[in-house]
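Working through the structure, step by step
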4 protein chains.
Amino acid sequence: MSTRPLGVAVIGHSFMGKAHSHAWRSVGAFFPDVPAVRQAVLVGRDAARVAAAATAYGWESSATDWREVLTRDDVDLVDVCLPGHLHAEVAEAALAAGKHVLCEKPLANDLAEAESMVRSARLARSAGVRSTVGFNYRRVPALALARELVASGQIGAVREVRLAYLQDWLTDAAAPMTWRLRRETAGSGALGDLASHAVDQLRFLTGHEVTSVSATTRTFVAQRPGPDGPEPVTVDDAAWATLETDGGAVSSLEVSRVAAGRRNSLTIEVYGEHGSLGFDLERLNELRVHDRDTHGGTATVLVTDPGHPYVDAWWPPGHVLGWEHTFVHQAADLLRAIGDGTDPTPSFEDGLEVQRVLSAVEQSAADGRRVVLSPAAAAAV
Amino acid sequence: MSTRPLGVAVIGHSFMGKAHSHAWRSVGAFFPDVPAVRQAVLVGRDAARVAAAATAYGWESSATDWREVLTRDDVDLVDVCLPGHLHAEVAEAALAAGKHVLCEKPLANDLAEAESMVRSARLARSAGVRSTVGFNYRRVPALALARELVASGQIGAVREVRLAYLQDWLTDAAAPMTWRLRRETAGSGALGDLASHAVDQLRFLTGHEVTSVSATTRTFVAQRPGPDGPEPVTVDDAAWATLETDGGAVSSLEVSRVAAGRRNSLTIEVYGEHGSLGFDLERLNELRVHDRDTHGGTATVLVTDPGHPYVDAWWPPGHVLGWEHTFVHQAADLLRAIGDGTDPTPSFEDGLEVQRVLSAVEQSAADGRRVVLSPAAAAAV
Amino acid sequence: MSTRPLGVAVIGHSFMGKAHSHAWRSVGAFFPDVPAVRQAVLVGRDAARVAAAATAYGWESSATDWREVLTRDDVDLVDVCLPGHLHAEVAEAALAAGKHVLCEKPLANDLAEAESMVRSARLARSAGVRSTVGFNYRRVPALALARELVASGQIGAVREVRLAYLQDWLTDAAAPMTWRLRRETAGSGALGDLASHAVDQLRFLTGHEVTSVSATTRTFVAQRPGPDGPEPVTVDDAAWATLETDGGAVSSLEVSRVAAGRRNSLTIEVYGEHGSLGFDLERLNELRVHDRDTHGGTATVLVTDPGHPYVDAWWPPGHVLGWEHTFVHQAADLLRAIGDGTDPTPSFEDGLEVQRVLSAVEQSAADGRRVVLSPAAAAAV
Amino acid sequence: MSTRPLGVAVIGHSFMGKAHSHAWRSVGAFFPDVPAVRQAVLVGRDAARVAAAATAYGWESSATDWREVLTRDDVDLVDVCLPGHLHAEVAEAALAAGKHVLCEKPLANDLAEAESMVRSARLARSAGVRSTVGFNYRRVPALALARELVASGQIGAVREVRLAYLQDWLTDAAAPMTWRLRRETAGSGALGDLASHAVDQLRFLTGHEVTSVSATTRTFVAQRPGPDGPEPVTVDDAAWATLETDGGAVSSLEVSRVAAGRRNSLTIEVYGEHGSLGFDLERLNELRVHDRDTHGGTATVLVTDPGHPYVDAWWPPGHVLGWEHTFVHQAADLLRAIGDGTDPTPSFEDGLEVQRVLSAVEQSAADGRRVVLSPAAAAAV
């Protein structure tokens, strides 16, 4: 297996499956130094639709039975692009079959599933089987640069982190019911979908763990039109939380799917003892930096210069990257880890930590009190 | 008294006294339709310093004893520009002496004082004596326009309000101790100073009352250099809260004096059913508007056009206003109310409502739980 | 005359007269170290209107005959806020009467007048009588800081300067005829009104003199409704030029009164060997700086910090200034020069240099060729 | 040939070859409705390097002799990604061989070559062989939307267009000599490289033809270090021009490679009778719109909504695209034209028109006078 290209299977072919397909198709062109891949098989429920998608997206084949795909010798890596309630079953089976696993975020829909997945990942890891969870925004060059700047002490110890992930696709009260708005399929609403990214960034950028949570959640539109008439919405439209961390920082968190005018705005501000950083996903090529070198102001840095994370693989300075490049970077980092025999990040343990914070948000919102988390979450699994 | 100019006394001549002096000196030039004023007397503790300030700022006279000033027949209006712990005593005495009162914000340092001031204001009001609290940001043209847009239904019912007032003058841990950092003189830190403005805006923009508060506060720098060595800081450096309102909105609130790179950034975002508004005090001439008319995007409106609140008094479109113009507008609105025999806004009751929210923030932060406010606060005084 | 306040007369009381009145009324409050002034007299043609304005704007008296005012012993400084075609007559008479003169920009409507004014200013100067032309944007703190940065070599030798002054009040073809659109009263259109500021900034920021001009002008709306039917517009709506300088820089210049959406946007970009600066009058408290210290990006600096030009006179950091503060600064600088017995800047010679460039723009546009200016313009007068 | 995928050959594999390879590899995944392609062959001079690139970029084969490739029956489309002085030879040979041609911009290095290429394209067109020039910025969704808005009359007749394309990679005088800085290989400097895009946009957005040019060019760094010591730079570093059009608009144009801090900033502002549009390539997902619907302000529109040009092929709203997506769109549009049997745009005639304007810029700069272009340029070939 050492020199042949790694065979990849992607399970799921809608939004995430399309984005991941682009990554697997493109990674070798931009990161020729990582292990080569074959787009072995794309998996979906509808044979005709998945076959058409497989052709369009450059896959050698398509399939409808993911369990069968796990038995294929030419499949080395399984990329789980399914809704959250299916993550645990597929990812754990793939790990048990000795396949490296990339699992979309959030890791699972509840804590118990996430803990189980961590146990599976640990077992597989001891056999050299790798696993990672798809918090792709760690691979936005500007955010990777932000992490470098924080880690290097450029802004000093972090005191405050402002996190908001605001979208507006549910602003209209007449927007129809979907599986994303039912607790049994989606687990939660803006919380699992959007806050999971934000919490992961908090941990990624600062290296801190969350120690307490005070939260509020709200469903602004209580029912929406379904195929058979109005249906109750059983997940949150928006959530707010204040998070304390073991590193001494305090973070505010706000997520919403009804923030009119915000299409996909993950904004992050990090305030340290000597400076601050700012980011907005809608301008993802830019990082704002305030420190002792910025004339008292805040610099807008276009993160496309030589030496900036990931961008040497792409174009000359000033030629901006798109959202889906984060998946190319994610693929490259995973392949490099597999090639090097190291564990990729973020791990399933990272996914579990995020899950624990989201769970605490729900508990705090329900109880109307601050919830304290024990610091050594993953260790206890 | 009908036709002679109103005699004004300003008590205090540092930062606020200077800003208010500019307002009294300028109001007639820009708002010739409001009752005329005389800059009668500026009051301070140090005779020489207040005399110099009075000359520079255009006052006819200066004085050191505010009680004596209250006895002067040619003083009709007392403008209290003192630290918060002195507000109640001076403002209540002035009202008792039959003088109209403008009192700087926050209304008081604690709830009991604020309640007492409301009682005094009510008593005086019945005798035609007017009172108002100096939440000057209600007079930023862009925020007055925002209120108009919300009130007209342009963005529909308000769901979310994001409030942050971030400054950075205490970022450096070596910044020295001042009276502003001692609870006995300042009441609180960023909370009273900054959050008071933000909470007032929440009420001003939406017309909602706060019904519950979940909050956290933090003092990042626990001691600072005083004249005789390190002294403990006994107020907050920063605070976070989630506020629910009786109008169905949820508001996040974040205030800080250690947000490196943010000199004086009060940012407000209002999300409604059909649109949203955005504001930043560092660009106070601009309002961001997203609604059905903005091509799916967000318009940056320079609030200097004919018909925009207050600006017809000033310059042609595009000639931007400064921060201190808010005090000119405040003076004009107060004078117009006095002239019309109506009650100016915001009232002392408004000041009390803000105080009650700030008090709930402290209580919630201390107790680690959501605090529910009774809806009819002022009525209970 | 040494210790009594300087008596000021402002000639004209519309837009500029109002703005200058604010400056004379306010300068002592913010710049207590400069010579004191008395608002002696405001001059206008209509006795009732100027009297009302004088009262509102804080003047001791009003008058209708500017020649008579020039004879008053208690008037030391004459501030000419009249349309351009009246500048020469009034300013020269005032200088001849021994009064210091502040003359609004542009210095004159044509070159011959400007040259005559320079001769008068030189004559008066030898008798200690001071004169200056009102290019007030030199006193925007951000632009004064820009000049300091250029002069200190922070961005190296200047190569390119992009200048644009765009307004939109004539966008609508139905906007009515005014004296500003007739050559005999206004001299030119956007050119004299807007380009004069831009050209002055080019000279101010770089210290270079313009050596050649290639230009185009255009009147987009050839006639506009007058009181008696359509009238021809005899000045430019917009102008474009490329300017070469004796310092090796090349500057682009674009001015317009029909740039829809630009209310009052003077934008300036200065590109040097090691960095660049950027400015927009609609955000006049901000300067953008790119140099070796800005992480490869461009810093937006809020020019309200201690040590920034002029701002120590005002408020704490982050409390932004308005457009009319530039006139306060202009007054302070002029008074300081008078007090110190030095010549204020910009001088009438500076005004003449601007006029020569504008004249070359018109000539180049008419001839369709590059016009070369002799370098020692003012010296030749 | 009707149903088999079109065989593509890309000639050149450096910057542009890499970007075009990505487009050919990706077009089918995002635009499944256009004719399918095969990545037949990548061509380069160095056999080993082109073979490695071909493998990385997904090509079936590589070759070193482009003439031989033109003889292959399985090659239907030749994509010329070579330096400008090689365009004519390869593109004309390909057309003569009956291959559809996509030629990188600018079309050629001089007018004579461009005219010859137009003749070849016309000849081929009559035989159903298609040709297009790679002004890829026509395929930026925001610019395609801008064109739609102009064409629909949303901003009225266009009066002014401000064009600037600023880069800074030659700011440092010590940056080394390259073929791009020699006239014999590059034709011109910023002019051909950057101004060509800007002029194409002027024509694309307005539909106007340039009728006169007044221009200036400058080489700020006259010599640069070569392998054997200093060498003279024989192309421009920067250029400025004012362009008049047959539609009544006037356009300013500024291009530079020494604009410190501007990595890749093509900025476009279009001012019409009723509104205006704005764009910056460094934020290429955004279009600024001012019209009667934007509250007097300017809306920043994230061009990722359903119905916006091209973006339905990609992700949900707010998921921004990168610079290289323009090449995917270019490929899709070309394939669709081939499939439909229509002529793709921009044509070689469009490329020639741009060339004529650039040529006039050089002539005007040299002669110091306005150069008038005859309106029917391409027709005269």
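What you see is a predicted model, and the numbers here were worked out from it, not measured in a lab.

With that settled, the discussion passes to helix 4 (residues 87-96) of chain A. All names here are of chain A. The element helix 4 is largely enclosed, with a buried count of 7 among its 10 residues. Listed in full, the buried residues belonging to helix 4 are His87, Ala88, Val90, Ala91, Glu92, Ala94 and Leu95. Against the buried residues of helix 4 lie strand 1 (6-11), helix 3 (66-69), strand 4 (77-80), strand 5 (100-104), helix 5 (111-125) and strand 6 (131-134). Looking one or two residues beyond helix 4, the residue adopting positive phi is Gly98, at roughly 85°.

Let's shift gears to the relation of the copies chain A and chain B. Structural alignment of chain A on chain B gives an RMSD of 0.0 Å, achieved by rotating through 180° and translating 0.0 Å along the axis. Seen this way, the second copy is the image of the first under a two-fold rotation axis. Closest to the rotation axis within chain A is the C-alpha of Arg369 of chain A, separated from it by 1.9 Å. An overlap of 97% is found between the interface residues of chain A and their copies at the interface of chain B, pointing to a shared contact surface.

This part takes up the sheet that holds strand 4 (residues 77-80) of chain D. Residues and elements named next belong to chain D. If you trace the 6 strands from one edge of the open sheet to the other, you get 3-2-1-4-5-6, paired in parallel fashion. Each of the sheet's edge strands pairs with one partner strand only, and the pair in question is strand 3 (61-63) and strand 6 (131-134). Recorded for the sheet is a direction-independent mean angle of 20° between the axes of neighbouring strands. Judged from the 3 bridges that link them, strand 2 (residues 37-43) and strand 3 form a sheet pairing that is parallel. By the bridge assignment for strand 3, Val43 is matched with Ala63. Relative to strand 2, helix 2 (residues 47-57) is tilted by about 160°, and along the sheet it contacts strand 2 and strand 3. Packing of helix 4 (residues 87-96) onto the sheet brings it into contact with strand 1 (6-11), strand 4, strand 5 (100-104) and strand 6, and relative to strand 5 it is tilted by some 170°.

Of all residues in chain A, 98% attain a pLDDT of 70 or more, and the chain-wide mean is 96. Overall fold confidence for the complex sits at a pTM of 0.97, while the interface term, ipTM, reaches 0.95.

With 509 residues, the main nonpolar core has Ala195 of chain A, Ala195 of chain B, Ala195 of chain C together with Ala195 of chain D as its most contacted residues. In terms of residue count, the dominant contributor to this core is helix 8 (residues 190-206) of chain C (9 residues). Ignoring anything within four residues of it in the chain, the contact list for Ala195 of chain B reads Tyr165, Ala190, Ala239, Leu253, Val255, Leu358 and Val361 of chain B.

This part takes up the environment of Val270 of chain C. Residues and elements named next belong to chain C. Along the polypeptide, Val270 turns up in strand 13 (residues 265-272). Since 27 C-beta atoms lie within 10 Å of it, Val270 is described here as buried. Separated by 112 residues in the primary sequence, Val270 and Val158 place their C-alpha atoms 6.9 Å from one another.

Time to look at the sheet that holds strand 1 (residues 6-11) of chain B. Sheet strands associate in pairs through backbone hydrogen bonding, adopting either a parallel or an antiparallel arrangement. Residues and elements named next belong to chain B. Taken together, the 6 strands give an open sheet; going across it, the order is 3-2-1-4-5-6, and neighbouring strands pair in parallel fashion. Only two strands of the sheet have a single partner each, and these edge strands are strand 3 (61-63) and strand 6 (131-134). Averaged over all pairs of adjacent strands, the angle between their axes in this sheet comes to 20°, without regard to strand direction. With 4 bridges connecting them, strand 1 and strand 4 (residues 77-80) associate as parallel partners. Within strand 4, the residue paired with Ala9 across the bridge is Val78. Of the strands in this sheet, strand 1, strand 4, strand 5 (100-104) and strand 6 are in contact with helix 4 (residues 87-96), which crosses strand 5 at around 170°.

The next point concerns the interface of chain A and chain B. With 29 residues of chain A at the contact, the number on the chain B side is 29 residues. Broken down by secondary-structure element, the contributors of at least two residues to the side of chain A that touches chain B are strand 7 (158-166), strand 8 (210-218), strand 11 (238-245), strand 12 (250-256) and strand 13 (265-272) of chain A. When residues of the side of chain A that touches chain B are assigned to their parent elements, the largest contribution, 4 residues, is made by strand 12 of chain A. For the side of chain A that touches chain B, the class distribution of residues is 8 nonpolar, 13 polar and 8 charged.

Packing of helix 1 (residues 15-30) of chain A against helix 1 (residues 15-30) of chain D leaves a shortest axis separation of 11 Å and a crossing angle of 165°. Our classification of the angle between helix 1 of chain A and helix 1 of chain D gives roughly antiparallel. For helix 1 of chain A against helix 1 of chain D, the interelement crossing comes out right-handed. Of the residues in helix 1 of chain D, those touching helix 1 of chain A at Ser21, His22, Arg25, Ser26 and Ala29 of chain A are Ser21, His22, Arg25, Ser26 and Ala29 of chain D. Broken down by class, the residue content of the contact of helix 1 of chain A with helix 1 of chain D amounts to 2 nonpolar, 6 polar and 2 charged.

All names here are of chain B. Direction vectors running N to C along helix 1 (residues 15-30) and helix 9 (residues 325-340) enclose 65°, while the axes themselves pass 8 Å from each other. Classified by chirality, the crossing of helix 9 by helix 1 is right-handed. Between helix 1, through Ala19, His20, His22, Ala23, Trp24, Ser26, Val27 and Phe30, and helix 9, the contact on the second element is made entirely by Phe327, Val328, Gln330, Ala331, Ala332 and Leu335. Of the residues belonging to the contact of helix 1 with helix 9, the class tally is 10 nonpolar, 4 polar and no charged.

To continue, consider the domain arrangement of chain A. All names here are of chain A. If you check the domain split of chain A, you get domain 1 (6-134) and domain 2 (138-322 + 347-372). Facing 20 residues of domain 1, the contacting portion of domain 2 comprises 17 residues. The biggest single contributor to the side of domain 1 that touches domain 2 is helix 5, with 6 residues. Of the residues in the side of domain 1 that touches domain 2, the class split is 12 nonpolar, 5 polar and 3 charged.

Residues and elements named next belong to chain A. With 17 residues, helix 8 (residues 190-206) should reach 24 Å at 1.5 Å per residue; the first-to-last C-alpha distance of 23 Å fits that figure. In helix 8, a bend of some 35° at Ser196 exceeds every other bend along the element. Among the 17 residues in helix 8, 15 count as buried, and that is most of the element. Just beyond helix 8, the residue with positive phi is Gly207, at close to 75°.

Across the boundary between the two partners, chain A contributes 28 residues, which contact 28 residues of chain D. Of all the elements in the fold, those that place two or more residues in the side of chain A that touches chain D are helix 1 and helix 2 (47-57) of chain A. For the side of chain A that touches chain D, the leading source of residues is helix 1 of chain A, giving 6 residues.

This part is about the pairing of strand 11 of chain A. Side-chain positions along a regular strand alternate between the two faces of the sheet. Residues and elements named next belong to chain A. The buried count for strand 11 comes to 8 of 8 residues, which makes it a mostly enclosed element. Neither face of strand 11 is left uncovered, since the one carrying Ala238, Trp240, Thr242 and Glu244 and the one carrying Ala239, Ala241, Leu243 and Thr245 both have all their residues buried. Both strand 8 and strand 11 contribute to a ladder of 8 bridges, which runs antiparallel. Residue pairing in the sheet places Ser214 in a bridge with Thr242 of strand 11. As paired strands, strand 11 and strand 12 are joined by 7 bridges and run antiparallel to one another.

For residues other than glycine, phi is negative in most cases, and the peptide bonds are mostly trans. Here the residue pair Thr345 of chain A and Pro346 of chain A is connected by a cis peptide bond, since its omega of -5° sits within 30 degrees of zero. Along the polypeptide, Pro346 of chain A turns up in the loop between helix 9 (325-340) and helix 10 (348-367). Of note, the bond from Lys105 of chain B into Pro106 of chain B is cis; its omega dihedral lies within 30 degrees of zero at -10°. Relative to the elements of secondary structure, Pro106 of chain B occurs in the loop between strand 5 and helix 5 (111-125). Even without being a glycine, His295 of chain A presents a positive backbone phi close to 60°.

Turning chain A through 180° and shifting it by 0.0 Å along the axis lays it on chain D, with an RMSD of 0.0 Å. Take the interface residues of chain A: 100% of them recur as interface residues in chain D, which is what a same-surface contact looks like.

The rules behind each value
- Going along each chain's sequence as written, the residues are numbered from 1 onward.
- Whichever chain is written first is A, and whichever ligand is written first is 1; the rest continue in order.
- Local features in this predicted model are restricted to residues whose pLDDT is 70 or higher, and side-chain atom pairs enter the listing and the counts only when it is 80 or higher, whereas totals over whole chains, interfaces and linings include all residues.
- Put plainly, a residue is buried at 20 or more neighbouring C-beta atoms within 10 Å of its own, exposed at 12 or fewer, and partly exposed in between, counting only other residues' C-beta atoms, which are placed from the backbone.
- Only DSSP runs of H or I covering at least 4 residues are called helices, and only runs of E covering at least 2 are called strands; the numbering of each starts at the N terminus.
- We call two residues in contact if the C-beta atoms placed from their backbones are at most 7 Å apart.
- Least squares is used to superpose the copies, and the fit set is the C-alpha atoms of residues whose pLDDT is at least 70 in both copies.
- DSSP-based pairing: two strands are paired if at least 2 bridges between them are found.
- Structural elements are reduced to axes, namely lines fitted to C-alpha atoms, with helices fitted over the stretch in contact, and the angle between N-to-C directions of any two is expressed from 0 to 180 degrees.
- pLDDT measures how confident the predictor is about each residue, on a scale from 0 to 100.
- For the purposes of this analysis, a nonpolar core is taken to be any set of buried Ala, Val, Leu, Ile, Met, Phe, Trp, Tyr and Cys residues that are connected through C-beta atoms within 7 Å.
- Residues are grouped as follows: Ala, Val, Leu, Ile, Met, Phe, Trp, Tyr, Cys and Pro are nonpolar; Asp, Glu, Lys and Arg are charged; every other residue, Gly included, is polar.
- Between 65 and 115 degrees an angle is taken as roughly perpendicular, under 35 as roughly parallel, over 145 as roughly antiparallel, and anywhere else as oblique.
- By definition, any crossing whose near helix is turned counterclockwise from its far helix by less than a right angle is left-handed, and any crossing with a clockwise turn is right-handed.
- An automatic or database domain assignment provides the domain bounds reported here.
- To estimate the expected span of a helix, subtract one from its residue number and multiply by 1.5 Å.
- Throughout, bend refers to the angle between the axes fitted to the seven residues that end at a position and the seven residues that start at it.

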